[in-house]
Amino acid sequence: LILNTDVLFDPRLLERLAREAPVAMFVDDVHWADPASVGLLNYVARGLPDQRVLLIATYSADALATSRRLRAFVRPLQSEGLAVEIIVPGLDHDAVKKLARSTLGDEVPPGLMALLEARAGGTPLFVEALIGGFGRSIEMKLSNPRAREMLAKAIDGIKALVASLSSGDAFK
């Protein structure tokens, strides 16, 4: 069963579901959670001790250092033995290159690799977003007739940029 996040969540529903079968609740980016959501997560973590409920929550390691609310949620759960932190490292150079190559379907210019590593920080979503954003911006320009003419004039500039990325000159 997958619950839609647009529907108001009733914790009693989780209790009823857990009586029938084990339940896993996944919450992404807890560092963005509002106080009410953190309160709900606290309830799930502490208030269902006899239920078969697994709460999996992700957060940015950087956010743990800067968010008092996140620390106030995570640290007590860890000290009470109710939470275990698993640190997932970012992608290394080879993994970023493999992901970029699979997304582009071609060899990745060294300059583009440097840009992806500097901007994405090893986060797969960011690698894909950076590559996809470049493609979407070109598609949007092609849908506008006036922009098509301007884009035609800019093709030489794009080719020069790609050439400089390929040679690494853009980062010197």
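See the structure shown above.
Residues numbered from 1 in each chain as written. Predicted model: local features only at pLDDT ≥ 70, side-chain atom pairs only at ≥ 80, totals over all residues. Heavy atoms only, no water.

Chemist: Looking at this structure, I do not really get the overall build of the protein chain. What am I missing?
Modeler: A count of helices and strands for the protein chain gives 8 helices and 2 strands. Taken from the N to the C terminus, the helices and strands of the protein chain come in the order α-β-α-β-α-α-α-α-α-α. Across the 172 residues that make up the protein chain, the buried fraction comes to 21%. Within the protein chain, contacts between residues separated by at least 24 positions form 57% of all contacts whose residues are at least 6 apart in sequence. Carbon and sulfur atoms make up 59% of the accessible area of the protein chain, which totals about 12300 Å². (Helix = DSSP H or I, 4+ residues; strand = E, 2+ residues; numbered from the N terminus. Buried < 20%, exposed > 50% of the residue type's maximum accessible area, 1.4 Å probe, protein only. Contact = heavy atoms within 4.5 Å. Areas by Shrake-Rupley, 256 points an atom, 1.4 Å probe, with all protein chains shown as cover.)

Chemist: How should I be thinking about helix α4 (residues 68-79) in this particular structure?
Modeler: In an α-helix, one full turn covers 3.6 residues, which means residues spaced three or four apart are oriented alike. Taking 1.5 Å of rise per residue, 12 residues should cover 16 Å, and α4 covers 16 Å from first to last C-alpha, within 8% of that figure. Turning to α4, its buried residues are Leu70, Phe73, Val74 and Leu77. One face of α4 carries all of its buried residues, which in axial projection span an arc of 80°. Exposed positions of α4 whose direction lies more than 90 degrees from the buried face are Arg68, Ala72 and Ser79. Buried-residue contacts for α4 involve α2 (35-46) and α3 (61-66). Looking one or two places after α4, you find Gly81, whose phi comes out positive at around 75°. (Expected span 1.5 Å × (residues − 1). Arc of directions from axis to C-beta.)

Chemist: Explain the pairing of strand β2 (residues 53-57) here, please?
Modeler: For a regular strand, side-chain orientation follows a simple rule: the groups alternate between the two sheet faces. With 5 bridges joining them, strand β1 (residues 23-27) and β2 adopt parallel strand pairing. Its bridge partner being in β2, Val23 is matched across the sheet by Val53. For the segment spanning β1, α2 and β2, crossover handedness is right-handed. (Pairing = 2+ DSSP bridges. Right-handed = clockwise from strand over helix to strand, strands pointing away.)

Chemist: Help me out: how do you make sense of the side chain of Ser67 in this one?
Modeler: Along the chain, Ser67 turns up in the loop between α3 and α4. By relative accessible area, which is 18% here, Ser67 ends up buried. A distance of 3.1 Å separates the side chain of Ser67 from the backbone nitrogen of Leu70, its partner in a polar contact. (Polar contact = N/O pair within 3.5 Å; in protein donor to acceptor, adjacent residues only side chain to side chain.)

Chemist: Looking at this structure, how should I read a nonpolar patch on the surface?
Modeler: Nonpolar side chains collect at one region of the surface, where Phe26, Leu54 and Ile56 lie side by side and expose about 290 Å² of accessible area between them. On the secondary structure map, Ile56 appears in strand β2. Exposure remark for Ile56: the relative accessible area of 36% places this residue in the partly exposed category. (Patch = residues over 30% accessible without salt bridge, like charges linked within 9 Å, V, L, I, M, F, W, Y side chains within 5 Å. Salt bridge = Lys/Arg side-chain N within 4 Å of Asp/Glu carboxyl O.)

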